[in-house]
Amino acid sequence: MSTPPRAIGIDIGGTKVAGGLVDEHGQVILRARRDTPHRSTAPRVVEDLIVDVVEELLGGTEDPVVAIGIGAAGFVAADRATVVFAPHLSWRHEPLREALARRVELPVFVDNDANAACWAEWRFGAGQGETHLVMVNLGTGIGGAVMNDGRIQRGRFGIAGEFGHMQVMPGGHRCECGNRGCWEQYASGNALVREARSLVMAQSPLAADLIARVGGDISAITGPIVTEAAEQGDPIAAELLAEIGGWLGIGLANLANAFDPGSFVIGGGVSAAGDLLLNPARESFRRHLAGRGYRPEARIKAAKLRNEAGLVGAADLARAAVVPA
Ligand SMILES: [Zn+2]
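Residues numbered from 1 in each chain as written. Predicted model: local features only at pLDDT ≥ 70, side-chain atom pairs only at ≥ 80, totals over all residues.

## Brief notes about the overall build of the chain
Inference 1: Looking only at helices and strands, the chain features 10 helices and 13 strands.
Inference 2: In terms of overall size, the chain behaves like a compact globule, its C-alpha atoms giving a radius of gyration of 20 Å where 325 residues would be expected to give roughly 20 Å.
Inference 3: C-alpha extents for the chain along the principal axes are approximately 60 × 50 × 40 Å.
Inference 4: In the chain, which comprises 325 residues, the proportion classed as buried is 46%.
Inference 5: In the chain, once contacts between residues fewer than 6 apart in sequence are set aside, the share between residues at least 24 apart is 65%. (Helix = DSSP H or I, 4+ residues; strand = E, 2+ residues; numbered from the N terminus. Rg over C-alpha atoms; globule rule 2.2 N^0.38 Å. Buried ≥ 20, exposed ≤ 12 C-beta atoms within 10 Å, placed from the backbone. Contact = placed C-beta atoms within 7 Å.)

Written as structure tokens, this is what we have:
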């Protein structure tokens, strides 16, 4: 029997380009990555890195490769060819597919990174078998995606699923999008770090464990450090995660009103906290759900694929576009 077709997935981050050769079961069988030199996010620099990574992967396999999928953090047009706006890259209306198609002889598809992660969770992870799925990715901000009946809902202009900028607190914390009180100012990794640092800055005796973990250096506090402290029994770190979880549940209750999914899958770095985050989120979700007690409740699940979800999903979406299941 011949080898089923593989696809290459590329995850473009702010400081690196990570690629993988992915098989039909979502397994990454070969990896390549390049750090962005001088943290440059100019389109040409990133394109060169993508081509480099693709060539390395193609050179490392005899298997048939049918397509290249790219997951980018930003607004990607619904035609899956153009990155319209990427806040963390210096890209504005960047025709990425066209630019790459001139340099690699394979079909290229570009997607939003959260769409790619959602697809990966639906195909191979926590969303398997779900007909109506909403993914929420808690990173430095909040990304998201919606799937109905096995299709990503991209919206008319490709921008559906940008849940992070729903306003949950009028007049609240300022957001880089220009508004105040956006959800991602309350329920993201950045929010967790901001709250942990402000607690330490207040010189609260409750923060003794956190202070000790960073040797008194407030700027060294990160999400993973708070999570580790909570897992090792620091009650205030657990409280910080519960607070983020509470805000997460409020946003999910709003999303349930808009999309009525069967499951929410929660991914991104902060989701590594597992039930320390998700149990408070479930509780808050129930408390804020419209018509609670009189409607079926969506399940809130942790993502399974962790940090390779974007890469795996981008590859599998590209393969699905070329080789229909
Ligand atoms: Zn915002």
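Once the structure has been displayed, the description carries forward.
## Let's talk about the sheet that holds strand β8 (residues 108-112)
Inference 1: With respect to topology, 5 strands assemble into an open sheet ordered β3-β2-β1-β4-β8, the strand pairing being mixed. Whereas interior strands pair on both sides, the edge strands pair on one side only; in this sheet they are β3 (28-35) and β8. With direction set aside, neighbouring strand axes in the sheet form an average angle of 20°.
Inference 2: When strand β2 (residues 16-22) meets β3, the two strands line up antiparallel, connected through 7 bridges. When the sheet's bridge partners are listed, G19 is paired in β3 with A32.
Inference 3: Across the sheet, helix α3 (residues 113-124) is in contact with β1 (6-12), β4 (65-72) and β8; its angle to β8 comes to roughly 95°.
Inference 4: Sheet strands in contact with helix α10 (residues 309-322) are β1, β2, β3, β4 and β8, and its direction is about 135° off that of β4. (Pairing = 2+ DSSP bridges. Axes fitted to C-alpha atoms, helices over the stretch in contact; angles between N-to-C directions.)

## Observations concerning the packing of α3 against α10
Inference 1: It is at 7 Å that the axes of α3 and α10 come closest, and there the two elements cross at 80°. By the angle class used here, α3 and α10 are roughly perpendicular. When α3 is examined against α10, the residues D113, A116, A117, C118, W119, A120, E121, R123 and F124 are found in contact with a partner set consisting of A309, G310, V312, G313, A314, D316 and L317.
Inference 2: Its residues placed into classes, the contact of α3 with α10 shows 10 nonpolar, 2 polar and 4 charged. (Parallel < 35°, antiparallel > 145°, perpendicular 65-115°, else oblique. Nonpolar A, V, L, I, M, F, W, Y, C, P; charged D, E, K, R; others polar.)

## Thoughts on the domain arrangement of the chain
Inference 1: Taken domain by domain, the chain comprises domain 1 (6-121 + 308-322) and domain 2 (129-303).
Inference 2: Relative to domain 2, the C-alpha centre of domain 1 lies at a distance of 26 Å.
Inference 3: Residue-level contacts link 14 residues of domain 1 with 19 residues of domain 2.
Inference 4: For the side of domain 1 that touches domain 2, the elements supplying multiple residues, two or more each, are β5 (75-76) and α3.
Inference 5: With 7 residues, α3 is the largest single contributor of residues to the side of domain 1 that touches domain 2.
Inference 6: Taken together, the residues of the side of domain 1 that touches domain 2 break down into 11 nonpolar, 1 polar and 2 charged. (Domains from an automatic or database assignment.)

## Looking at helix α7 (residues 223-231)
Inference 1: All buried positions along α7 are accounted for by G223, V226, T227, A229 and A230. The buried side chains of α7 occupy one side of the element, clustering within an arc of 160° when seen end-on.
Inference 2: Packed against the buried residues of α7 are α5 (189-201), α6 (208-213), α8 (235-259) and α9 (275-288).
Inference 3: Positive backbone phi, approximately 100°, marks G233, located one or two places after α7. (Arc of directions from axis to C-beta.)

## Overview of the pairing of β1
Inference 1: For β1, the buried fraction is high: 7 of the 7 residues fall into the buried class.
Inference 2: Where burial is concerned, the two faces of β1 agree: the one with R6, I8, I10 and I12 and the one with A7, G9 and D11 are both buried.
Inference 3: Sheet analysis places β1 next to β4, joined by 7 bridges and oriented parallel. Looking at the pairing, I12 lines up with A72 of β4.

## Some words on α8
Inference 1: Helix length check: α8 (25 residues) gives 35 Å between terminal C-alpha atoms against 36 Å at 1.5 Å per residue, within 8%.
Inference 2: Phi turns positive, to about 50°, at D260, one or two residues after α8. (Expected span 1.5 Å × (residues − 1).)

## Focus: the sheet that holds strand β13 (residues 299-302)
Inference 1: Strand order in the open sheet formed by 5 strands is β11-β10-β9-β12-β13, with mixed pairing between adjacent strands. Of all strands in the sheet, those bounded by a partner on one side alone are β11 (151-152) and β13.
Inference 2: Pairing of strand β12 (residues 263-267) with β13, which is carried by 4 bridges, proceeds in the parallel orientation. The residue bridging V265 from the neighbouring strand is K301, located in β13.

## Remarks on the pairing of strand β7 (residues 91-94)
Inference 1: In this sheet, β7 lies alongside strand β6 (residues 83-86) in antiparallel orientation, the contact comprising 3 bridges. Each residue of the ladder has a partner; that of F85, found in β7, is R92.
Inference 2: Hairpin connection between β6 and β7: a loop of 4 residues separates the two successive antiparallel strands.

## So, the packing of α8 against α9
Inference 1: Two elements in contact, α8 and α9, have axes separated by 7 Å at closest approach and are oriented at 40°. Between α8 and α9, the angle falls in the class oblique. The crossing of α8 and α9 is right-handed. Contact residues: A238, L241, A242, I244, G245, G246, L248, G249, I250, L252 and A253 in α8; L276, L277, L278, P280, A281, R282, E283, S284, F285 and H288 in α9.
Inference 2: In the contact of α8 with α9, the residues fall into 14 nonpolar, 5 polar and 2 charged. (Left-handed = near helix turned anticlockwise from the far one by under 90°.)

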